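Read off the chains here:
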Amino acid sequence: MSPTEKLPAAAPTPTFGPGSVTVPPPGDPATFVDLQAEIRELARQHDAVILAHSYERAEIQDVADHVGDSLRLSRVAATAPQSTIVFCGVSFMAETAKILSPGKRVLLPDLAAGCSLADSITVDQLRNWKAEHRGAVVVSYVNTTAAVKAESDYCCTSSNARAVIDSIPPDRQILFLPDMFLGLWLQRVTGRKLHIWLGECHVHAGIRPSDIEELRREEPGAELLVHPECGCTSQVMEMAGVDAHILSTEGMVTYAQKSTAETFLIATETGILHRLELKAPGKRFVPVNREAVCQYMKLTTLEKLRDSLRLGQFEIDVPADIAARARRALERMIAIA
Ligand code: SF4
């Protein structure tokens with residue numbers, strides 16, 4: 001991976017992936033009610049709030065206090081009154097919660113829950129890139145390690161990335177990292193020339209224009225909702241006759257609730273379907289690619305969540321100097337709606 005001014009016209013073959021991560025099989029639904037009751041009781045005993053990303057298993061979303069995307073959960077983490085945060089998500093999210101709530105105990109139920117997108121840039125690579133563009137403003141997507149955030153001026157999520165770019169004076173150069181598809185989309189909608197890092201999420205990069213073309217023929221009346229991390233985002237915006245809505249996961253939920261359409265084609269990780277069905281009942285949601293499943297997000301099971309609360313595992317910590325510098329970039333992210 002390297003920074004580039006010249007981007008590929010189509011998604012390259014995903015470079016990063018879950019490698020040796022072994023995803024536990026689906027749980028037995030007959031056990032869910034008892035496990036969820038045990039988890040709720042443990043959370044009460046340990047003064048814990050349970051946060052779950054919208055890509056988590058349905059039974060994890062159902063037992064959580066709050067479900068949402070990174071921006072929503074970051075805001076909750078920063079203000080939750082409980083002394084412990086259990087983050088059902090991936091490691092950069094738990095790190096973010098710790099940075100925003102340094103006095104709280106933050107637990108991640110499975111330490112193997114990483115992120116191929118966060119792995120696509122190291123802090124040394126970022127330092128070298130900054131050295132090539134002295135004075136540029138660094139905007140990092142929230143899917144980055146704490147060390148990379150500490151080297152950044154702003155963080156953003158897909159919900160507020162456009163607003164963050166718009167807030168930067170037009171005469172400043174911007175380094176955007178690490179997701180190239182989000183970067184390309186931002187370049188298009190803001191009209192700004194960005195320097196874009198060639199990183200990608202292996203799940204979203206695998207969602208191709210051909211997946212959408214096929215479904216459009218089968219579901220001609222459906223609305224198309226696309227997450228900007230997808231490998232198809234730029235091509236979709238150019239497809240003739242396709243009215244695509246490029247949205248964050250929270251944006252998809254809000255849009256589906258308000259729209260009068262009955263059927264939606266969803267281009268993102270399939271865990272969001274559970275949340276969409278819950279929040280917009282009576283509507284139909286069809287995944288553009290049924291294999292768009294994040295193995296890291298599916299590592300968290302009810303048993304692991306229960307053990308995390310019971311045993312206080314696995315506690316996430318971020319060195320104070322890194323946390324202090326990363327917090328600046330995160331607080332700017334939270335402040336920009
Ligand atoms: S879906 Fe992609 S970006 Fe999200 S956690 Fe999984 S690997 Fe990372």
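Nothing here was measured: the structure is a model prediction, and the numbers come from that model.

*Asks:* I keep staring at the pairing of strand E13 (residues 284–287) and nothing clicks. Help me out?
*Replies:* For a regular strand, side-chain orientation follows a simple rule: the groups alternate between the two sheet faces. The pairing of strand E12 (residues 263–267) with E13 spans four bridges and is parallel. In the strand pairing of E13, Leu 265 is matched with Val 286. Each parallel crossover has a hand, and for E12 linked through helix H13 (residues 272–279) to E13 it is right-handed.

*Asks:* Help me understand the sheet that holds strand E5 (residues 105–107) in this model?
*Replies:* Two pairing modes exist for strands in a sheet, parallel and antiparallel, and in both the strands are linked by backbone hydrogen bonds. Pairing is parallel in the open sheet, where four strands are placed in the order E3-E2-E4-E5. The open sheet has two edge strands with one neighbour each: strand E3 (66–68) and E5. Mean inter-strand twist for the sheet, computed between neighbouring axes without regard to direction, equals 20°. Helix H3 (residues 70–79) contacts strand E2 (48–53), E3 and strand E4 (84–88) of the sheet and is inclined by roughly 150° relative to E3.

*Asks:* Can you help me understand the confidence of the model for the protein chain in this one?
*Replies:* Detailed conclusions should not be drawn from predicted coordinates in areas where pLDDT is low. Taken over all residues, the pLDDT of the protein chain has a mean of 91, while the share at 70 or more is 93%. Note that pLDDT drops below 50 for residues 1–16; the model gives that stretch 46 contacts with residues more than four away or on any other chain.

*Asks:* Would you mind showing me how to read the sheet that holds strand E10 (residues 223–226) here?
*Replies:* The four strands are arranged E11-E10-E12-E13 in an open sheet whose pairing can be described as parallel. Each edge of the open sheet carries a strand with a single partner, namely strand E11 (244–246) and E13. Strand-to-strand twist across the sheet, computed as the mean angle between neighbouring axes with direction ignored, equals 25°. Bridge count between E10 and E12: four bridges; the pairing is parallel. Paired with Val 226 across the two strands is Ala 267, which belongs to E12. Against the sheet, H13 contacts E12 and E13, and its axis sits at roughly 170° relative to E13.

What counts and how
- Residues numbered from 1 in each chain as written.
- Predicted model: local features only at pLDDT ≥ 70, side-chain atom pairs only at ≥ 80, totals over all residues.
- Heavy atoms only, no water.
- Pairing = 2+ DSSP bridges.
- Helix = DSSP H or I, 4+ residues; strand = E, 2+ residues; numbered from the N terminus.
- Right-handed = clockwise from strand over helix to strand, strands pointing away.
- Axes fitted to C-alpha atoms, helices over the stretch in contact; angles between N-to-C directions.
- Contact = heavy atoms within 4.5 Å.
- pLDDT = per-residue confidence, 0-100.

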